[in-house]
Every structure is written in C-alpha cells, then in structure tokens.
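Structural characterization, general
Letter by letter, the chains look like this.
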Amino acid sequence: MKVIIRDNAKQGSLWAAHYIASKINEKAKVSDKPFVLGLCTGSTPIDTYAELIRMVKAGEVSFKNVISFNMDEYVGLPVDHPESYHSFMHRYLFDHIDEPAGNIHILDGNAPDTEAECAAYEQAIVDAGGFDLFLGGVGEDGHIAFNEPFSSLSSRTRVVTLTQDTREVNARFFDGDPEAVPAQALTVGVATVLSSKEVVILAFGSKKARALKDAIEGPMSHYCTLSGLQNHPAGTIVCDEASIGEVKVNSYRYFKAVEAAENR
C-alpha cells in the first residue's frame, strides 16, 4: 500500500486527477483498448473531477476511449432526482468531458429486478476487461462504496441496506433529514473494487482519521472494509494532513520517505 500525503484536500485532489490522466494517457500510447475506470460520488472527489474537466478542455487528456463504472446508486430514487448519483456524475463530470454516453455505466436503482441488475453490472465490468483503475472514497467508519462495516471482503455487486450512521451522514444532501435518505442502495462489492489493477482512495479531513488508522495500521477486517486494500498489489490512499493525523509517527515518516525516494 502507498499513502500519498498532501498538505490539504485541494492538493491531494489535484494529485489524484493528474495521476488518473497519466494512466489514461499511458495506456492510449500502447493500446487501442479502452481504459476502464471506476468512479465514486460524494463531496470528496469534486475537486478531482474539476481538475479532470480542466485537463480535458485543455487537451491534456481525453475520455473518448474511457469506459466508466460508478460505485453505487440509491434504490428507488428517481434518476433525475438532484441527489441521485446519476445526477451527481453528470453535474460534476460527464456533462463537461468527452466520454461517449454509451461508455458511461451507473447502476439502475429503479430496475424491476435489482438482483439481476447487480449481476448484469458485475458481468459488464468483466466484459469490458476489468478495471484499470478504481477511484474511490472512504466513509468515516472505513467503508468503501456502500460496503458498510461487516460486509464481506469477498463481496460483489449487490443490494445493501444502509446503516443509520450512513443515512445520517448523507442527510446533509437531503435537507438534513436522515429519513429522506433511501434505506437501500446498489453497490459494487469489496472484491469488485479490489479486482482492479489499481485502486486509488481519496480521504480528506479529520473525520476520516480513524478510518485511515484502522485501514493502514489495523488488521485486515470486514469491520473496516477499506482495510482490504492492504492485500492489493497496487493500492494507494491519497490523504491530507488532517486525515492522516491518527497514524503512528513512524508510519507517517515511512510513507513520506517512500514518496520522496520515488521522486528523486
């Protein structure tokens, strides 16, 4: 596991955007195959998406040969609801870049058969060639996507029931009312994320500090699903000084030293 530490969230977000763009460009130089990218929602990736939009408009990267799959979607929320993840992704990324509409994949939370929708989504990822890179965030309790604590580390795309804590955290998007947050969601599984060739997780702010401590220094456990990244050959956490604050001093120094050595 690599941990990239920046002074603040803005710097970390820019690092992530440039890293993603570099990977898209690297593959484009050696292959005609699409770059398969996993994407997340929430406030954390907004600055990363803004920088990717800038880079597309500046001609520094293109999404014309990118196929994307989003992590999750609420069950029963209309697609055009302002807080649906369909709306979020178009508002903050898709409406501003050159990715073909046919390459965009987001789970359908209004599918008549949600289990069939999840199975088809998982197969579509396989058919696309699997993820080249998965960009994710982490919840305050260490969950990735909607894989709440005690989700199996071998889980795949499925229907999940959201915890009250998650609904309360997400209530800020629903006029502060946790009961307005849908009780269920469709989500890729932990194993779906970890099957990616690379995983990049964004974690900013002091509220994520405990989750990072558990994920980095704790045991690999279904209690903190992000801890599954410990077993990934190319997992990276991008964080800021506030979110890394609870790890041991020697751990902090180690990650700083590794990055410094690689950048010489």
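Scope of this entry: the structure provided in the associated data block. For every chain, the first residue of the written sequence is number 1, and numbering continues from 1 onward in sequence order. Residue-level local features of this predicted model are given only where pLDDT is at least 70; pairs of side-chain atoms are given and counted only at 80 or more, and the full residue set underlies all totals for whole chains, interfaces and linings. Side-chain numbers come from the whole structure's heavy atoms, not from hydrogens or water.

Points about the pattern of salt bridges
Any Lys or Arg side-chain nitrogen located within 4 Å of an Asp or Glu carboxyl oxygen qualifies as a salt bridge. Using the criterion set out here, one finds 11 salt bridges in the structure. The partner of R6 in a salt bridge is E259, with the nearest N and O atoms 2.6 Å apart. Within this pair, whereas R6 is found in strand β1 (residues 2–6), its partner E259 is found in helix α8 (residues 249–262), the two being separated by 253 residues in sequence. Across this residue pair, the class does not change: R6 and E259 are buried. Between D132 and K197 there is a salt bridge, and its shortest N-O distance comes to 3.7 Å. Linking D132 in the loop between α4 (114–127) and β6 (133–137) with K197 in the loop between α6 (190–194) and β9 (199–203), this pair joins segments that are 65 residues apart in sequence. The rule is simple: take the accessible area with a 1.4 Å probe, protein chains only, and divide by the maximum for that residue type; under 20% is buried, over 50% is exposed, in between is partly exposed. Judged by its relative accessible area of 48%, K197 falls in the partly exposed class. Among the charged side chains, a salt-bridge network with shared partners connects K23, E26 and E198. Secondary structure follows DSSP: runs of H or I at least 4 residues long count as helices, runs of E at least 2 residues long count as strands, and numbering of each begins at the N terminus.

Brief notes about the sheet that holds β6
Strand pairing is assigned whenever DSSP detects at least two bridges linking the two strands. Read from one edge to the other, the open sheet built from seven strands follows the order β1-β10-β9-β6-β2-β3-β5, with strand pairing classed as parallel. Looking at the sheet topology across the chains shown, the edges are occupied by β1 and β5 (104–105). When strand β2 (residues 35–39) meets β6, the two strands line up parallel, connected through two bridges. If you follow L37 over to β6, its bridge partner there is L133.

A few points about helix α1 (residues 9–30)
Quick reminder: α-helices carry 3.6 residues per turn. Residues three or four places apart thus point the same way. One fewer than the residue count of a helix, multiplied by 1.5 Å, yields its expected span. The terminal C-alpha atoms of α1 lie 32 Å apart, and with 22 residues this matches the ideal 32 Å at 1.5 Å per residue to within 8%. G12, S13, A16, A17, I20, A21, I24 and K27 are the residues of α1 that are buried. Down the axis of α1, the smallest arc covering the buried residues is 165°, so these residues share one side. α1 presents K29 and V30 as exposed residues on the side facing more than 90 degrees away from its buried surface. Each polar contact in these results corresponds to two N or O atoms within 3.5 Å; when the atoms are within protein, one needs to be able to donate a hydrogen and the other to accept it, and residues that are neighboring in sequence are counted only if both atoms are side-chain atoms. For α1, the capping residue at the N-terminal end is N8, with a side-chain oxygen 3.2 Å from the backbone nitrogen of K10. The arc in question is traced by the directions running from the helix axis to the C-beta atoms.

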